[in-house]
Amino acid sequence: MFDVKADLLKELKKDGLGRPFVDLFISTHPHDDHCKGFAGNFYQGKVDDYDKDKNKDEIIIEELWITPRGLNNNLSSPAEDIRKEAKRRRKLYDDDKNFFGSKGNYLRIIGYDKNKEFDRRYCYVPGILVTTVHGSSLSWLEIFIHAPFKEDVETSKKYDDKNATSVVVQFGFKIDGYTGYKSRVLMGGDAEHEIWQHILDNNADEEKLKWNIFLAPHHCSWSFFNDSDNKKEIKPSADAILDKQIDNYAHIIASSNEIKNDDNNPPCYEAKQQYIKKLKLGSSHFLNTATHSKVGNIPQPIVFKINENGKTLKENATVAGATSISNPAPRAGR
Amino acid sequence: MEHIIKYYPVGNADCTLIKLDNGKAIIVDCQIWQTLPMVMESK
Amino acid sequence: MTDYNHKITNGSSIRGEHLKLFRAKAIYKAAIVHPYTKDVQCYVNSKGDAIIKMHLTHLEIPDEPVFDIRDEEVIAVVCHPEDVNMPEVYALRKDFPIELPHSNAKPFTRPISLCVSDVAFADIRPQFNAHDFLNSIRRWFSLNSINKLHEANRPLEVFFGFQEICCILNERSGGNPYIKYSQKTKYSSTLEFVEKSKATHYLIGISTEKIHASNFVRIPQTMGDLKDVQSTDQFSLTDSLLAVLTKSVAGKATLPLVISIYITQTSKDDKKTSQELFLIKTNCLPKDVHKKKILSKEAFEKWFYELSVEVALLDFMTSRCGNTINNGIKDNFNKVSVVGTGTLGSAVIDHWARQGCSEEINLVDCDILLPHNLSRHTLSTDKVMTSKVRSIKDTYHGILFQKINAIEGNFLTLNRNDRERLFKNTELVMDFSTSIAVEKKLANDEQTFRRCTSFLNPKGDDVVLLIEDKERNTRLDLLEMDYYRNLIVDERFSQHLEQTETVRTNTFSCRSESMILNYENVRVLSAIISKQIRKYYTSGQACLNIWHFDAENGIVLSLPMTITNWHHEALGGIQIYISDAVEKEIQTMTATSPDKETGGCLFGSYDRDHNSIYVYYMIPAPKDSIHSPVSFVRGFNGLTTEYERITKLTYHQVRYLGEWHSHPNMPNTPSVTDKKQFEELWEEQQSQDLPFVQMIYGNNGLFVTAAM
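Not measured: the values here are computed from a predicted model. (Residues numbered from 1 in each chain as written. Chains lettered and ligands numbered in written order. Predicted model: local features only at pLDDT ≥ 70, side-chain atom pairs only at ≥ 80, totals over all residues.)

Okay, the overall build of chain C next. Secondary structure summary: chain C contains 17 helices and 31 strands in total. Contacts in chain C between residues far apart in sequence, at least 24 positions, make up 63% of those at least 6 positions apart. (Helix = DSSP H or I, 4+ residues; strand = E, 2+ residues; numbered from the N terminus. Contact = placed C-beta atoms within 7 Å.)

Here it is as structure tokens:
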């Protein structure tokens, strides 16, 4: 399996005291497959209490985004860890009216508190365009928040459908010297077709739903297209979202196991077929994290560069012999 | 100027890293295992 | 001329496993396991070539590439049975862009032949790896898509493997059309703008608007082929050419015609630059064109378009700036002067000229190149018995914008004009003359240029560098004296001035060239000096350093020498310099003998031309000296041996100069006895043609008196 933690430590910067940190951590919703490994890998607590040895290699989160559902009960253990950290931060705001965030303590709850909004200091609602994180401008990235909505939050409570409260965002990347976005990435955690319809209904500016890269929701599950028991019909929301691909070179990513023609869902084979049908360049632009690129048997991340030439899918160029050096030699001798 | 977005291969799960040219980083969801299971597939 | 050559990649279908050519089979095997290839098909043609076609997918191509390359491309790899060259690679797409860097010119427009490697196949073949080969094709696509395949500052290479390259040697003045064209080898030539009487050809320049490669994807072979090359506006190249021939003075030319194709580009700030690209040679004489013009239009066109042409790629003579770029040199000068163009001098000049270190280099030397110099001089053998400076100037002639001025003369006796040419606005004077007189003259010159002197030791395994600091606090002559002091007091330098027996010696200077001097040493040490001079110039600091080359083991050692401060006194017309190392020794000795007088001998050098005396070494009172509270008689036990030792170490540069003694607890005023001693010793010294220095160290410091 790919060593995510090692790669994150390689990629992330270290602060003045040599501690790795990330500017923003978005927890789209409190499902295990989006939260696992939070404790022990991400630092929880006051930054001043960070112990060089005990907390070695734990990543400090400058600003944490969480959904209202993520703050409630009936959560699995990793989701509880995130909730605990979010609650610690929220208390800082609640205890002091004049607290607007500090190092390692910024919080944003994405969504509504039942019928009202949370404290403006630590919430974002759909329709907001985020350009600063932990008090500092991102400069080259804008994040537009599409979901979760009030109603969906309520519905989800009824059926405890955590997927319904997924954060859905559009990342707009800018490049120095160019106006507008050079690339747009649409990510919606596990949001299902009803949520997407809701987003379409509420969306005022079409530009905010266009994408160059789309992460197939819920690990390429059928739920984006319709309910799992209805594989015959494709909801208009799916077509509408997929039609928002920009130009001919858009990519769709399925962050899932290998998609085989079986009954699994997620990932769903029929969903993959549909995505491929809608993509202008077809199957070559549908990428599956489990199979896209391997070194030996270990799948490698799917990486895009975004620069003045737009987006480029990076290739993991292999050197001859890489397969043999990344796999154990077949046993020799007796 | 160059930004990167990285989708980690974590099975039926999500973990994405965005790194901007100015060094700012964003992680969307996480999926980190304590010990990495070795997947020995037959070729 | 075909637009799309299908034949080149056609053949009869064959299963990959049945391919006979070893190279093709390896490529086929690599293709079928590569994660990003599909539809691999194999063919063989009647010549025995193996052709492997495949789709390359998931190429690292951006959404907005600079050229229209896609993330999936179809290619064909053609392997020839002889296996003497790299397998050919073609991009098969019908509308694949034609103007890309590193595409090979062919007699057809498409498919596009990719130049995948610039390394000769013979160098790759031993470790040729099919997998890496496929990846290098992928790299060609991905780097070219962002226009990064050809590095910006890399010199232009030959993409027309079998075509001719012609180098333009000089700049065209005005619109001079007279050129001398010389074929050098089968595939190379030079073109020089000359005066009419020396010309071999007549040049006409035709401008074109489009970027080069697209015009010459297909190599033209006749004048008719040039019809497809666009000139300016709507005219083809041939139209423009005919217009020039019929409407201008060019039509009267009686020399064969050469056409240079250039493009004009207007930069953002409206500056127009033109760049010559290609040469088209013909045997056509402009006046012949006129003669044929009387024929009917069809007849004329038939004749004209069938004229054969040859295309030559143009290259340009290197310039001084080009040299700095090619060598990665950042520390450049406007003007420097060099005294002495012998073994070391010529080598350093060679480094500076080839690296474009200075826009202008002035050389002064009166020497001629003698036969024995050829063993280690940069000049070529045909320059024997010529003036060194003139020949050196000729050696680098042709490098554009590199000024080298040769002043034939003796630096010490230059006339005013030559002195001015040498020194005016010069930033640095480098002395490689091996003449101490030159160095002393430079040291005493009041002008503000930076100066240095450098020389090899007699054995040729050490190079010494003396550079003044920017403020001239540490002058060359003082550095020279420190050099001698170091030779005496530092054991590391005990063999520095040793000579081998067969060397012809000249006792006047330790630096004269000896007979046995290894050229390998010269190259190593001169390269070091060439760079070190620039380094110290930039830092502004003084330098007194020896670099020692251990040729046997290929090791160079840097041996810095101690630079001392100097106490200067002007006594009448005499300048006397005392190294503070000596003063400190005197102070220490006086302090350890608080009750009795003590003293010692003074050694150093002198310069009658500039009335200077330098004291830099002291031998304390020998053990047979007599010390009393009011007198001191200096003994002589061991003095001769020591004097011989230090003379040998400095190759006779150090001399006995005089005496010092202390006045413990008293001022340093000379007593009657002291004055008498001065007179006596001075007379003795004078009879040996030596100056004399007397110093007294009292409780009020050092008293110095001297006579020359």
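Regarding its fold elements, chain A presents nine helices and 17 strands. The buried share among the 334 residues of chain A stands at 49%. For chain A, contacts bridging at least 24 residues in sequence account for 65% of all contacts bridging at least 6. (Buried ≥ 20, exposed ≤ 12 C-beta atoms within 10 Å, placed from the backbone.)

Moving on, we come to the interface of chain B and chain A. Across the contact, 37 residues belong to chain B and 53 residues belong to chain A. Within the residue set of the side of chain B that touches chain A, elements represented by two or more residues are β1 (3-7), β2 (16-19) and β3 (25-28) of chain B. Top contributing element to the side of chain B that touches chain A by residue count: β1 of chain B, with five residues. Grouping the amino acids of the side of chain B that touches chain A by side-chain chemistry returns 23 nonpolar, six polar and eight charged. As paired elements, strand β16 (residues 302-307) of chain A and β1 of chain B share five bridges and run antiparallel to each other. By the bridge assignment for β1 of chain B, K305 of chain A is matched with I4 of chain B. (Nonpolar A, V, L, I, M, F, W, Y, C, P; charged D, E, K, R; others polar. Pairing = 2+ DSSP bridges.)

By size, the foremost hydrophobic cluster in this structure holds 98 residues, and its most contacted members are V22, F25, I59, A216 and I253 of chain A. The residue makeup of this core includes at least three contributed by each of domain 1 (1-124) and domain 2 (126-319) of chain A. Contact partners of A216 of chain A, with chain neighbours within four places excluded, come to F224, I252, I253, A254, A271 and Y275 of chain A. Among the nonpolar cores identified, the runner-up in size contains 87 residues, and V339, C452, F493 and L657 of chain C belong to it. (Core = buried A, V, L, I, M, F, W, Y, C linked by C-beta atoms within 7 Å. Domains from an automatic or database assignment.)

Another point: the sheet that holds strand β17 (residues 403-408) of chain C. Residues and elements named next belong to chain C. Taken in spatial order, the eight strands make up an open sheet running β17-β16-β15-β18-β19-β20-β21-β22, and their pairing is mixed. Each of the sheet's edge strands pairs with one partner strand only, and the pair in question is β17 and β22 (555-560). Each neighbouring strand pair of the sheet contributes to a mean axis angle of 20°, computed without reference to strand direction. Sheet topology places strand β18 (residues 428-431) next to strand β19 (residues 450-456); four bridges connect them, and they run parallel. (Axes fitted to C-alpha atoms, helices over the stretch in contact; angles between N-to-C directions.)

Let's shift gears to the packing of helix α9 (residues 343-354) of chain C against helix α14 (residues 519-539) of chain C. All names here are of chain C. One way to put it is that α9 packs onto α14 with a least axis distance of 9 Å and a crossing angle of 60°. When the interaxial angle is binned, α9 and α14 end up oblique. The hand of the α9/α14 crossing is right-handed. Taking contact as the criterion, the partners of T343, L344, A347, V348, H351 and W352 in α9 are, on α14, V522, R523, S526, A527, I529 and S530. Within the contact of α9 with α14, the residues separate by chemical class into seven nonpolar, four polar and one charged. (Parallel < 35°, antiparallel > 145°, perpendicular 65-115°, else oblique. Left-handed = near helix turned anticlockwise from the far one by under 90°.)

All names here are of chain A. Along strand β8 (residues 141-147), six of the seven residues are buried, which leaves the element largely enclosed by surrounding structure. Here two bridges tie strand β5 (residues 129-130) to β8, and the two strands are oriented antiparallel to one another. By the bridge assignment, V130 is partnered in β8 with I143. Sheet analysis places β8 next to strand β9 (residues 168-173), joined by six bridges and oriented antiparallel. In the strand pairing of β9, I145 is matched with V169.

On to the sheet that holds strand β1 (residues 12-14) of chain C. Residues and elements named next belong to chain C. Read across the sheet, seven strands follow the order β1-β2-β3-β4-β5-β7-β6 without closing on themselves; strand pairing throughout is antiparallel. The open sheet terminates on both sides in strands that have one partner only, identified here as β1 and β6 (103-104). Note that β1 and strand β2 (residues 37-44) share three bridges and pair antiparallel. Counted as the bridge partner of S12 is V44 from β2. With respect to the sheet, helix α1 (residues 22-33) is in contact with β2, β3 (50-56) and β4 (73-79), its orientation differing from that of β3 by roughly 20°.

All names here are of chain C. By the bridge criterion, four bridges tie strand β15 (residues 333-339) to β18 in an arrangement that is parallel. Within the sheet, the bridge partner assigned to V336 lies in β18 and is L428. As a crossover connection, the stretch from β18 through helix α12 (residues 436-443) into β19 is right-handed. (Right-handed = clockwise from strand over helix to strand, strands pointing away.)

Residue and element names in this part refer to chain C. Overall, the predicted model of chain C reaches an average pLDDT of 87, with 92% of residues at or above 70. Contacts from residues 153-162, a stretch scored under 50 in pLDDT, to residues over four places away or in other chains number 10 contacts. When the criterion is pLDDT under 50, residues 501-508 qualifies, and its contacts beyond four places in sequence or with other chains add up to 11 contacts. At the level of chain-chain contacts, confidence expressed as ipTM amounts to 0.91, with global pTM at 0.68. (pLDDT = per-residue confidence, 0-100.)

The next point concerns α1 of chain C. All names here are of chain C. For α1, built from 12 residues, the straight-helix expectation of 16 Å at 1.5 Å per residue is met to within 8% by its first-to-last C-alpha distance of 17 Å. Taken together, the buried positions of α1 are occupied by R23, A24, I27, Y28, A30 and A31. What you see down the axis of α1 is that its buried residues fit within an arc of 165°, all on one side. Structural note: α1 exposes F22 and V33 on the side pointing more than 90 degrees away from its buried face. (Expected span 1.5 Å × (residues − 1). Arc of directions from axis to C-beta.)

A word on the packing of α12 of chain C against helix α13 (residues 476-489) of chain C. Residues and elements named next belong to chain C. One way to put it is that α12 packs onto α13 with a least axis distance of 7 Å and a crossing angle of 130°. Here α12 is positioned oblique relative to α13, judged by the angle of their axes. Contacts from E439, K440, L442 and A443 of α12 reach α13 at L476, D477 and E480. By residue class, the composition of the contact of α12 with α13 is three nonpolar, no polar and four charged.

This paragraph deals with the environment of E679 of chain C. Residue and element names in this part refer to chain C. If you trace the backbone, E679 turns up in helix α17 (residues 672-687). Note on E679: 12 C-beta atoms within 10 Å, which makes it exposed. In this structure, the C-alpha to C-alpha distance between E679 and F692, residues 13 residues apart in sequence, is 9.6 Å.

All right, on to the environment of P126 of chain A then. All names here are of chain A. Topologically, P126 is positioned in the loop between β4 (123-124) and β5. For the pair P126 and F149, spaced 23 residues apart in the sequence, the C-alpha separation amounts to 6.9 Å. The residues contacting P126, other than those within four sequence positions of it, are I145, H146, A147, F149 and N202.

What follows deals with unusual backbone geometry. The linkage connecting N265 of chain A with the following residue, P266 of chain A, adopts the cis geometry, with an omega of 10°. Turning to its location among the elements, P266 of chain A is positioned in the loop between β12 (251-254) and α8 (269-278). Each neighbour pair has its own omega, and for P266 of chain A with P267 of chain A the value is -10°, a cis peptide bond. For P267 of chain A, the position within the fold is in the loop between β12 and α8. Its identity as a non-glycine residue notwithstanding, S139 of chain A has a phi of 70°, on the positive side. Of note, S139 of chain A is situated in the loop between β7 (136-137) and β8. Of note in the backbone geometry, D83 of chain C takes a positive phi value of approximately 50° without being a glycine.

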